[in-house]
Amino acid sequence: MFRILTLLALLASFASVAENEPVEIQITPLSDGAALNQAGRQRMLSERMVKAYIQINSEIDSIKAEKQLVHAQQLFAAQLRNLKHYAPTQLIRDNLSTVEVRWGKLQSALAAPLQADTIELIAIGEELVAACHQVVLDIEQYANTDSAVLVNVSGRQRMLSQRMAKYYFAHASGQRQQKVIDGFYRALGEFEQGLNTLLIAPQNSDEIHYALSGVEAQLKFSKAGFDRIKSGQYATHVISRTTESMLKRMNEITGMYERLHDSGELNSSFMLDASRQMIAAL
């Protein structure tokens, strides 16, 4: 049963739910690295809101999902204000306006009194992801440092953790369309590719390498549950917990790359054409 009354109450109160989101936001001037991180996080939040809505409707860890949805909306709005204040070029300002329009469309779908169509909601959410991704690419181009790719690739992993969970929960809720299963496995494959790219980066500190190894172990553990999707044997609560853990770990790692980027300790030797192609499109 869809918990519409509880959800509307939470949306009205904007309760503090920091424990369900690994990041806190402060309205402060942004460095290029911090702007890249926050713009990248907007991609994740776009997927997270849709994922949480599907969870609520399917009663998959729905109490936590309600809190995640509210906090994701708060954080997205706060970061959008930050990025608009930061925007150093007309191109970035224009593309942030596109984000704002698509954000409004998703908000309307999430707040509608009737349950949104899952496939349509996924499409609306991914339009917002694409708009947010373009802003990331714009900021990366403006920063004009090849090292920004590490912040981008790492930040994109956060989005992919939520995209995997979104498609998994959609399939478990009865959305058995081929596009759903294809979307799930594409996100899983891209997450693996991104992780492998980061693991071989020569700029990794011992701390970053250790953290990435933890994500690698988490992914190996999760794949056993992921593979059961084909047979209709779902481990929704396990996948909910493991994708949250992957999100939290990747968020911490992205912060590490951001600090290295802003300190100038990352050099350009890592940048490969394949890495550029991977982050150029979703």
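Residues numbered from 1 in each chain as written. Predicted model: local features only at pLDDT ≥ 70, side-chain atom pairs only at ≥ 80, totals over all residues. Heavy atoms only, no water.

### Some thoughts on the overall build of the chain
Let me state the cut-off plainly: In this description a helix means any DSSP run of H or I spanning at least four residues, a strand means any run of E spanning at least two, and both kinds are numbered starting from the N terminus. Between buried and exposed lies partly exposed: a residue is buried under 20% and exposed over 50% of the maximum accessible area for its type, with that area taken using a 1.4 Å probe on protein chains only. Any two residues whose heavy atoms approach within 4.5 Å at even a single point are treated as in contact. With residues, only the protein chains shown are counted as cover, and all accessible areas are computed by Shrake-Rupley using a 1.4 Å probe.
The helix and strand inventory of the chain stands at ten helices and zero strands. Along the chain direction, N to C, the helices and strands of the chain fall in the order α-α-α-α-α-α-α-α-α-α. Burial analysis of the chain (282 residues in total) assigns 56% to the buried set. For the chain, contacts bridging at least 24 residues in sequence account for 83% of all contacts bridging at least 6. Here the chain has roughly 12,100 Å² of accessible surface; of this, 51% comes from carbon and sulfur atoms.

### Here we look at the pattern of salt bridges
Let me state the cut-off plainly: Here, a salt bridge means any side-chain nitrogen of Lys or Arg that lies within 4 Å of a carboxyl oxygen of Asp or Glu.
Enumeration over the complete set of coordinates arrives at ten salt bridges. Note that Glu 47 and Arg 163 form a salt bridge whose closest N and O atoms lie 2.5 Å from each other. You can see Glu 47 sitting in helix 2 (residues 32–58) and its partner Arg 163 sitting in helix 6 (residues 148–172), a full 116 residues away along the chain. We note a salt bridge from Lys 223 to Glu 192, for which the minimum N-O separation is 2.8 Å. A residue pair is termed long-range when its members are at least 10 positions apart, and Lys 223 in helix 8 (residues 206–227) and Glu 192 in helix 7 (residues 178–199) qualify at 31 residues. Shared partners join several salt bridges into a network, and the residues in it are Glu 47, Glu 126, Arg 163 and Lys 166.

### Here's the deal with the packing of helix 2 against helix 6
Rule in force here: Helix axes are fitted to C-alpha atoms over the stretch in contact, other axes to C-alpha atoms as well, and angles between N-to-C directions run from 0 to 180 degrees. Angle categories: roughly parallel below 35 degrees, roughly antiparallel above 145, roughly perpendicular from 65 to 115, and oblique for all the rest. Side-chain classes are defined by residue name, with Ala, Val, Leu, Ile, Met, Phe, Trp, Tyr, Cys and Pro counting as nonpolar, Asp, Glu, Lys and Arg as charged, and the others, Gly among them, as polar.
Where helix 2 contacts helix 6, the axes come no closer than 8 Å and their chain directions differ by 0 degrees. Relative to helix 6, helix 2 is oriented roughly parallel. When grouped by side-chain class, the residues that make up the contact of helix 2 with helix 6 number ten nonpolar, seven polar and nine charged.

### Description of the environment of Thr 145
Considering the arrangement of structural elements, one finds Thr 145 in the loop between helix 5 (118–143) and helix 6. Dropping the residues within four chain positions of it, Thr 145 is found in contact with Glu 140 and His 261.

### So, the packing of aromatic side chains
For any pair of aromatic rings, the description rests on two quantities: the centre-to-centre distance and the angle between the ring planes. The cut-off we apply is this: Each Phe, Tyr or Trp ring, with Trp reduced to its six-membered ring, pairs with another whose centre is within 6.5 Å; inter-plane angles below 30 degrees give stacked pairs, above 60 give edge-to-face pairs, and intermediate values give tilted ones. Here, over-ring charges are defined by two tests on the NZ atom of lysine or the CZ atom of arginine: distance to the ring centre within 6 Å, and angle to the ring normal within 35 degrees.
This structure, assessed with the given rule, holds seven aromatic pairs. Look at Phe 184 and Tyr 185: their rings are 5.0 Å apart centre to centre, the planes differ by 75 degrees, and that puts the pair in the edge-to-face class. Take Phe 184: its relative accessible area is 0%, and that puts it in the buried class. An aromatic cluster is built from Tyr 168, Phe 169, Phe 184, Tyr 185, Phe 226 and Tyr 234, whose rings are joined through pairwise contacts. Residue placement shows Lys 166 over the ring face of Tyr 167; its charged tip is 4.5 Å from the ring centre.

### Examining the environment of Leu 160
Considering the arrangement of structural elements, one finds Leu 160 in helix 6. Ignoring sequence-local partners within four residues, the contact set of Leu 160 consists of Ala 187, Glu 190 and Phe 191.

### Focus: the confidence of the model for the chain
We apply this condition: Think of pLDDT as the predictor's per-residue confidence, scored from 0 to 100.
Per-residue confidence for the chain averages 85 on the pLDDT scale, and 83% of its residues sit at or above 70. Confidence scores differ between elements of the chain, with helix 1 (residues 4–13) showing the lowest mean pLDDT of 34 and helix 4 (residues 90–111) the highest of 97. Contacts from residues 1–19, a stretch scored under 50 in pLDDT, to residues over four places away or in other chains number 30 contacts.

### Remarks on the nonpolar core
Rules: Buried Ala, Val, Leu, Ile, Met, Phe, Trp, Tyr and Cys residues form a nonpolar core when they are joined through side-chain atoms within 4.5 Å.
Counting 81 residues, the largest nonpolar core has Phe 76, Ile 139 and Phe 191 as its most contacted members. Listed by contribution, the elements that provide at least two residues to this core are helix 2, helix 3 (62–86), helix 4, helix 5, helix 6, helix 7, helix 8 and helix 9 (236–263). Looking at this core element by element, the count peaks at 13 residues for helix 6. Setting aside residues up to four positions removed in sequence, Phe 191 forms contacts with Gln 157, Leu 160, Ser 161, Met 164, Val 215, Leu 219, Met 246 and Met 250.

### Examining unusual backbone geometry
Excluding glycine, most residues fall at negative phi; most peptide bonds, likewise, are trans. For Glu 59, which is not glycine, the phi torsion reads 55 degrees and is therefore positive. Not every positive phi belongs to a glycine, and Asp 61 is a case in point at roughly 45 degrees.

### Considering the packing of helix 3 against helix 4
Geometrically, a packed helix pair is captured by the angle between its two axes and the distance between the axes. Short version of the rule: Handedness of a crossing is defined here by the sense of rotation of the near helix relative to the far one, left-handed for an anticlockwise turn of less than a right angle and right-handed for a clockwise turn.
One way to put it is that helix 3 packs onto helix 4 with a least axis distance of 11 Å and a crossing angle of 165 degrees. The orientation of helix 3 with respect to helix 4, classified from their angle, is roughly antiparallel. Seen along the crossing, helix 3 lies across helix 4 with a hand that is left-handed. On helix 4, the residues that touch Leu 69, Gln 73, Phe 76, Ala 77, Leu 80, Leu 83 and Lys 84 of helix 3 are Leu 96, Val 99, Glu 100, Trp 103 and Leu 110. The residue inventory of the contact of helix 3 with helix 4, partitioned by class, reads nine nonpolar, one polar and two charged.

### Here's the deal with the environment of Ala 235
On the secondary structure map, Ala 235 appears in the loop between helix 8 and helix 9. Taking the C-alpha atoms as reference points, Ala 235 and Phe 169, 66 residues apart in sequence, are found 9.8 Å from one another.

### Let's talk about helix 8
Threshold: By definition here, a helix of n residues has an expected span of 1.5 Å times n minus one. Note that bend, as reported per residue, equals the angle between axes fitted to the 7 residues terminating at that residue and the 7 residues originating from it.
Compared with the 32 Å implied by 1.5 Å per residue over 22 residues, the 32 Å span of helix 8 between its first and last C-alpha is a close match. Maximum bend of helix 8: about 25 degrees, positioned at Phe 221. Looking only at helix 8, the buried set comprises Ile 208, Ala 211, Leu 212, Gly 214, Val 215, Gln 218, Leu 219, Ser 222, Gly 225 and Phe 226. Against the buried residues of helix 8 lie helix 6, helix 7 and helix 9.

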